[in-house]
Amino acid sequence: MSAVASDPCVDYEAVIGLEVHAELKTKTKMFCGCRNEFGAKPNTNVCPVCLGLPGALPVTNRKAIELAVRFGAAVDAKIGRAVFHRKNYFYPDMPKDFQITQYDEPINAGGKVEILDAGALHTIHLTRAHLEEDTGKSQHQGVSGRIHDATSTLIDYNRAGVPLLEIVSEPDIRTPDQAKQYVNELRAVLGFLDISDVKMEEGSMRVDANVSVRPVGAEAFGVKVEVKNMNSVRSLVRALTYEIERQTVVYREGGRIVQETRHWEEEDGRTHSMRSKEEAADYRYFPEPDLVPITLDQAWIEAISAEVPGVFPSRRAVQLAEQYGFDLDRVASVVYTPGLCDWVEAEIAIGADPLRSLNWASQEVMAHLNETGGEVAGLALSKGVFADLSSLIDDGTLSKKLAREVLTEVLVSGKSPRTVVSEKGLAQISDESELERIVAEVIGANPETIEKIRAGNKKVVGFLVGQVMKATKGAANPEAVHRLIDSRL
Amino acid sequence: MSISREDVLHVAKLARLALSEEEISLFTVQLGDILNHAAAACALDTEGVPPTAHPVPIAHLLREDEPRPSLARGLVLEEAPAVEADRFRVPRILDET
Amino acid sequence: MTAVITTAAGIARGVRSGEYPAARVLEEYLARIAAHEDRIGAFLLVAQERARAAAEAIDARVAAGEDPGLLAGVPLAVKDALCLAGLPTTAGSKILQGWHPPYTATAVARLEEAGAVVVGKTNLDEFAMGSSNENSAYKVCRNPRGLDRVPGGSSGGSAAAVAAGFASVAIGSDTGGSIRQPASLCGVVGMKPTYGRVSRYGLIAFASSLDQIGPLAGTVEDAALVYQSMAGADPMDATSIPGDLPDVLSGVKEGREAGIAGMRVALVTELCEMEGTDPTVARVFEETVKKLEKSGAVLVEVSVPSLVHALSAYYLIAPAECSSNLARFDGVRFGLREAGDDVEAMNRATREAGFGPEVKRRIMLGTYALSSGYIDAYYGKAQRIRTLVIRDLEAAFTQADVLLSPTSPTVAFPLGARTDDPMSMYISDICTIPANLAGIPALSLPCGTDDAGLPVGLQVMAPVLSESLLFRVACAAETLIGALPPVLL
Ligand SMILES: [Mg+2]
Ligand SMILES: [Zn+2]
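Rules of the game
Residues numbered from 1 in each chain as written. Chains lettered and ligands numbered in written order. Predicted model: local features only at pLDDT ≥ 70, side-chain atom pairs only at ≥ 80, totals over all residues. Heavy atoms only, no water. Helix = DSSP H or I, 4+ residues; strand = E, 2+ residues; numbered from the N terminus. Rg over C-alpha atoms; globule rule 2.2 N^0.38 Å. Buried < 20%, exposed > 50% of the residue type's maximum accessible area, 1.4 Å probe, protein only. Areas by Shrake-Rupley, 256 points an atom, 1.4 Å probe, with all protein chains shown as cover. Lys, Arg positive; Asp, Glu negative; His and termini not counted. Charge placed at Lys NZ, Arg CZ, Asp CG, Glu CD. Contact = heavy atoms within 4.5 Å. Buried area = accessible area lost by both parts, 1.4 Å probe. Salt bridge = Lys/Arg side-chain N within 4 Å of Asp/Glu carboxyl O. Polar contact = N/O pair within 3.5 Å; in protein donor to acceptor, adjacent residues only side chain to side chain. Donors = N, O, S within 2.8 Å, 3.2 Å for Na, K, Ca; no water. Tetrahedral: all angles 85-135°; square planar, octahedral: opposite > 155°, others 65-115°. Arc of directions from axis to C-beta. Core = buried A, V, L, I, M, F, W, Y, C linked by side-chain atoms within 4.5 Å. Pairing = 2+ DSSP bridges. Nonpolar A, V, L, I, M, F, W, Y, C, P; charged D, E, K, R; others polar. Axes fitted to C-alpha atoms, helices over the stretch in contact; angles between N-to-C directions. Parallel < 35°, antiparallel > 145°, perpendicular 65-115°, else oblique. Left-handed = near helix turned anticlockwise from the far one by under 90°. Expected span 1.5 Å × (residues − 1). Bend = angle between axes of the 7 residues up to and from the residue.

A. Structural detail: the overall build of chain C. Helix and strand counts for chain C come out as 17 helices and 11 strands. Compactness check: chain C gives a C-alpha radius of gyration of 21 Å against a globular reference of 23 Å for 489 residues, within 12% of the reference. With the C-alpha coordinates aligned to their principal axes, the bounding extent of chain C is approximately 65 × 50 × 45 Å. Counting over 489 residues, chain C shows a buried share of 67%. For chain C, the accessible area works out to roughly 13,900 Å², and carbon and sulfur atoms hold 52% of it. Computed over 41 positive and 54 negative side-chain charges, the separation of the two mean positions in chain C equals 1 Å.

B. Molecular detail of the interface of chain A and chain B. With 61 residues of chain A at the interface, the matching set in chain B holds 37 residues. When chain A packs against chain B, close to 4,300 Å² is buried across both sides, 58% of that on carbon and sulfur atoms. Contact with chain B buries area across many residues of chain A, yet R62(A), F90(A) and V292(A) alone supply 13% of it, more than any other trio. The tally of links between chain A and chain B comes to 2 salt bridges. Residues E66(B) and K27(A) are paired through a salt bridge, measuring 3.5 Å at the closest nitrogen-oxygen approach. Along the contact surface separating chain A from chain B lie 26 residue pairs in polar contact (both at pLDDT 80 or more).

C. Local environment of the coordination of the zinc ion (ligand 2). Residues and elements named next belong to chain A. Distances from the zinc ion (ligand 2) to its protein donors, C32 (SG), C34 (SG), C47 (SG) and C50 (SG), fall at 2.3 to 2.4 Å. Its 4 donor atoms give the zinc ion (ligand 2) angles of 99 to 116 degrees at the centre, a pattern that matches the tetrahedral case. Counting gaps between the donor residues of the zinc ion (ligand 2) yields the pattern C-x1-C-x12-C-x2-C. Within this pair, whereas C32 is found in the loop between β1 (12–23) and β2 (60–61), its partner C50 is found in the loop between β1 and β2, the two being separated by 18 residues in sequence. For the pair formed by C32 and C50, the shared burial category is buried.

D. Layout of helix α6 (residues 328–335) of chain A. All names here are of chain A. Along α6, the residues classified as buried are L328, V331, A332, V334 and V335. With its buried residues spanning 165 degrees around the axis, α6 presents them on a single face. Packed against the buried residues of α6 are β7 (112–117), α2 (176–192), α5 (313–324), α7 (340–349) and α8 (354–372).

E. Spatial organisation of the nonpolar core. Membership of the largest hydrophobic core comes to 279 residues, with the highest contact counts inside it found for F71(A) and Y182(A). With 9 residues, helix α11 (residues 310–325) of chain C is the single largest residue contributor to this core. Beyond its immediate chain neighbours, meaning those up to four positions away, F71(A) contacts N108(A), L126(A), A129(A), L165(A), I167(A), L186(A), V189(A), L190(A) and I195(A). By size, the runner-up hydrophobic cluster in this structure holds 43 residues, among which are L328(A), L340(A), V376(A) and L402(A).

F. Geometry of the pairing of strand β4 (residues 84–88) of chain A. Residue and element names in this part refer to chain A. Burial analysis of β4 places 5 of its 5 residues in the buried class, the great majority of the element. On β4, burial covers both faces: F84, R86 and N88 on one face and H85 and K87 on the other are all buried. Bridge count for β4 against strand β5 (residues 98–102) is 5 bridges, and the pairing is antiparallel. When the sheet's bridge partners are listed, N88 is paired in β5 with F98. Taken together, the 2 bridges between β4 and strand β16 (residues 286–287) define a ladder with antiparallel strand orientation. Directly across from H85, in β16, lies its bridge partner P287.

G. How the structure looks around the coordination of the magnesium ion (ligand 1). All names here are of chain A. Within the protein, the atoms that donate to the magnesium ion (ligand 1) are E132 (OE), E132 (OE) and E166 (OE), at distances of 1.9 to 2.6 Å. Here the residue E132 occupies a position in strand β8 (residues 120–133), and E166 occupies one in strand β11 (residues 163–169), the gap between them amounting to 34 residues. As far as burial versus exposure is concerned, E132 and E166 are alike and both buried.

H. Highlighting the interface of chain C and chain B. In this assembly, 66 residues from chain C lie in contact with 52 residues from chain B. Buried surface at the junction of chain C and chain B, summed over both partners, amounts to about 5,300 Å²; 67% is from carbon and sulfur atoms. Run the count over chain C and chain B and you get 3 salt bridges. Of the charged contacts in the structure, one is a salt bridge between E23(B) and K360(C), with a shortest N-O distance of 2.6 Å. The interface formed by chain C and chain B contains 16 residue pairs in polar contact (both at pLDDT 80 or more). Counting residues per element, the side of chain C that touches chain B draws most heavily on helix α14 (residues 376–399) of chain C, which supplies 11 residues. Taken together, the residues of the side of chain C that touches chain B break down into 32 nonpolar, 17 polar and 17 charged.

I. Examining the pairing of β1(A) more closely. All names here are of chain A. Across the 12 residues that make up β1, a large majority, 11, are buried. Across 11 bridges, the pairing between β1 and strand β12 (residues 205–215) is antiparallel. Looking across to β12, one finds that E19 is bridged to D208. Bridge count between β1 and β11: 5 bridges; the pairing is antiparallel. Bridge pairing links V20 to I167 in β11.

J. Geometry of the environment of G187(C). Residues and elements named next belong to chain C. For G187, the position within the fold is in the loop between α6 (180–186) and β5 (189–192). Taking the C-alpha atoms as reference points, G187 and G335, separated by 148 residues in sequence, lie 35 Å from one another. If near-sequence neighbours (up to four positions away) are discounted, G187 is found in contact with R145, P446, P455 and L484.

K. Here's a closer look at the side chain of S169(A). Residue and element names in this part refer to chain A. Within the fold, S169 resides in strand β11. A relative accessible area of 6% places S169 in the buried class. A polar side-chain atom of S169 sits 2.9 Å from the main-chain amide nitrogen of L18. Once residues lying within four places of it in the same chain are set aside, the contact partners of S169 are G17, L18, I124, H125, L126, T127 and Y182.

L. Structural detail: the sheet that holds β16(A). Sheet architecture is open: 3 strands sit in the order β5-β4-β16 (chain A), paired in antiparallel fashion. Because the sheet does not close on itself, it has two edges, and the strands there are β5 and β16 of chain A.

M. How the structure looks around the packing of α5(A) against α6(A). All names here are of chain A. Packing of α5 against α6 brings their axes to within 9 Å, and their N-to-C directions diverge by 135 degrees. Classified by the angle between their axes, α5 and α6 sit oblique to one another. For α5 against α6, the interelement crossing comes out right-handed. Contacts between α5 and α6 involve P313, R316, A317, V318, L320 and A321 from the first element and L328, V331 and V335 from the second. Here the contact of α5 with α6 is built from residues that sort into 8 nonpolar, no polar and 1 charged.

N. Highlighting the sheet that holds strand β2 (residues 83–84) of chain B. Taken together, 4 strands build an open sheet; the order of strands is β9(A)-β10(A)-β3(B)-β2(B) and the sheet is antiparallel. On the outer flanks of this sheet lie β9 (137–141) of chain A together with β2 of chain B, each paired with one strand and no other. Sheet topology places strand β10 (residues 152–156) of chain A next to strand β3 (residues 87–91) of chain B; 4 bridges connect them, and they run antiparallel. By the bridge assignment, L154(A) is partnered in β3(B) with R89(B).

O. Structural context of α8(A). Residues and elements named next belong to chain A. For α8, spanning 19 residues, the distance from its first C-alpha to its last is 25 Å, which sits close to the expected 27 Å at 1.5 Å a residue. Along α8, the sharpest kink reaches roughly 30 degrees, centred on A361. Listed as buried for α8 are R356, S357, L358, W360, A361, S362, E364, V365, M366, H368 and L369. Packed against the buried residues of α8 are α6, α7, α9 (385–394) and α10 (400–413). G373 lies just past α8 and shows a positive phi near 70 degrees.

Rendered as structure tokens:
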């Protein structure tokens, strides 16, 4: 029975649960020694095990277990005895025609992820995060390249057997924006902890959504629809927005929602019903007889947990905002970039100005990373860049504007701020006699402005300051210029 | 504990077997016989008895994350019924899983 | 034509000392195959040239003063369910016709390293499912000791090859008795190791939690030699038992020299007083037990109540696992493909054409036992009964060192006698199945014949990992009874 009454006046809310599949950053596959790498020539990273050849047997990759435990420790999951099961269904990209996955005893049970929602922390609970193997890649041959009108399909098994962590959330998500924040949060955690590459475009992170809607205030869930095929956070938001609206309209018009799987199509911006199955899937789960249960060594779990920083980006953002009075939105862009927040905090610790550092990080550094496509870890910078810049401003060597220029150059060249300043002659003119000469010239050249100032219009002082800055190509200390103009008038 | 013709058809679909009419009738009878034979066992009270999936308890063997050589692509593809562009070719897929 | 020597121990001694070149030994066996294989059908493939090259390599090593191994020059027949790179492997099924595995099973590789010379791949019931070898998709296999009789199954070809002197030793796989029952029916020694003692890597799986590879040989010592050469942990099989392999050859020596005096041997009530047991089998078994008692064995009787349900449990667990293991035979990556308009139709047509009736029956049964709504009643129940069987057998082993029973309730039955009634065929395995469910080692050795010369087998069962004890008792019994030499056709 649907919990949703059809009433055109009712307000609806969405109930969303997300299933995130993250490919683990291992050298080899989940159950064999073939390489786990993106972009290899088709069917070159395959062996009897991952091709499902008769007689081959799986042997578990220790690193995959370790990465799963690392995630479990980060999200505060219950990490325990884990049992692999077989999920039986036929699909040509799945070599054995069953998937080795986890069923009633996942390696990580429960746990939670905190996200930023309207300037505050909001908790999304996890059902589980379990290990399983990936499938091969299908390439559909036909006019559109899509499965619906394909004439045949070509399969590359390089990806078959790559370890996946399937992270299943509780239906705690209510809006597309929360879904986006949740995915960003997960992506950051998985990336920071070196668990996954988390590249949605390359498919190393994939998100499926279970979506239903219900009248605001109702407790029971509506009929849920599974939405697949979103390959970016942007398309996830679009797909959810579309699907929530679609379901709401159906209910408003007195219709009913059927439980089904729908495909998001980026081109037309809609979800499409897949061929509806004649019968419900029957996966015949049973314990994988080729692998005995995993009992994890408690000391090992503790050692891994000890290496996991216990703070989520969202929580870190809130803490930093409180501690330094930062703007939360600006902090957010810094905490979600791997390594950036650590950098900022390290610089603050050795004397950098907190607010300036945050601004540099969220503006110049982010712009540089976006432009070059690089990562913080890849920047060849010596310690103390922000601290140096801060003291160069404090001692009057640089204006704030010049400091930003220096930073941009530092990011490109890898040189120290002081080197850049001296090589480019960017030090601001603090020599009073030199400045005085220029100020005198500017005053002499603008008699009308001087008249206005003497008549009481103080606002036009700024114009004079601007003229001095122009004449010095920005190298003058604005405060000194102000002082000199004031003393002359 | 008998098994119906519908059960047999359902199971044949799950198992991807295109059974003949004759096989359907035969299996309906034979599977029923086998399950009847198991009836006494299935009626046994096993309350509190845990299931055994592996007869000899051992620790889970873990492999170090070190690459091993994969198979030469020639060896892989020459056994395939149909190949195109170094990939395995199959007829169109109707069902999305 | 008779070989100068027929035991593997004798051949290996002769070859290592340079007395009998491996090439000469091989030619004697190949000559017997050439002369009589037509009437037996033990082989699906005789690998003459490969074998000749292997024998020459052994002789070269002997000439070079190297140690050619424990099985130097011993002609070995390999059940065609085991992969051997370079030779086609069929598992007795049309669905694998023409398939060349790109890898070799660990057990086979180890035997070749120990100097064994593979003479060919032996006939079997399709995918090792059967008790008479009549489910081979390729050819009939006859019992060398009664040509109108079945050799037993599923390792019928391996048992027949040893009984006919086509190979000195053979290996097979035993899921519910598939080594011991044909060994019994063909009058040879057949042994199933503790589950996990021999790597299953490269054995085409029937039921993964029950399958074990084991030796078939003319004598207990030869079986022990083969076991010793192939057993032990394997990093490619996660269910293989870690740790060093104890030396079972000393057990053989002890059995031969010290006999069985003082050993507590138990008759299992449920297996020894079974309805449907041939009177001849019962009589030969009783006489054997008397001989053992006379030579000092302490006879006890134990009841293992859960064994009455073992057959039922087995015929739910084994099909359930096989239904999943055999899913990969789908026409996509290897083996047979039948045309179909879409991939599902292709899968169905391929599997319909490629699998024989017994395989389909078990896939159907296993799929049903795992399917939603039935899994607890069937598969789940069977797994719990399995626990009871294990517990009951453990209890029995507190009262006795080894358990005894006939291996098969009947001698070799006529070809075609049981093919119409699956249940009557399944009952052939009633005495052998408990050892598979419990994972314990068990061995069958000939203990006499009926009036027509058809052999009766004595089954000895020992606790988990007690292979040394098992071989000791078996060797003591063989010393008392006398080994049955290969039949001279
Ligand atoms: Mg999954
Ligand atoms: Zn592989």
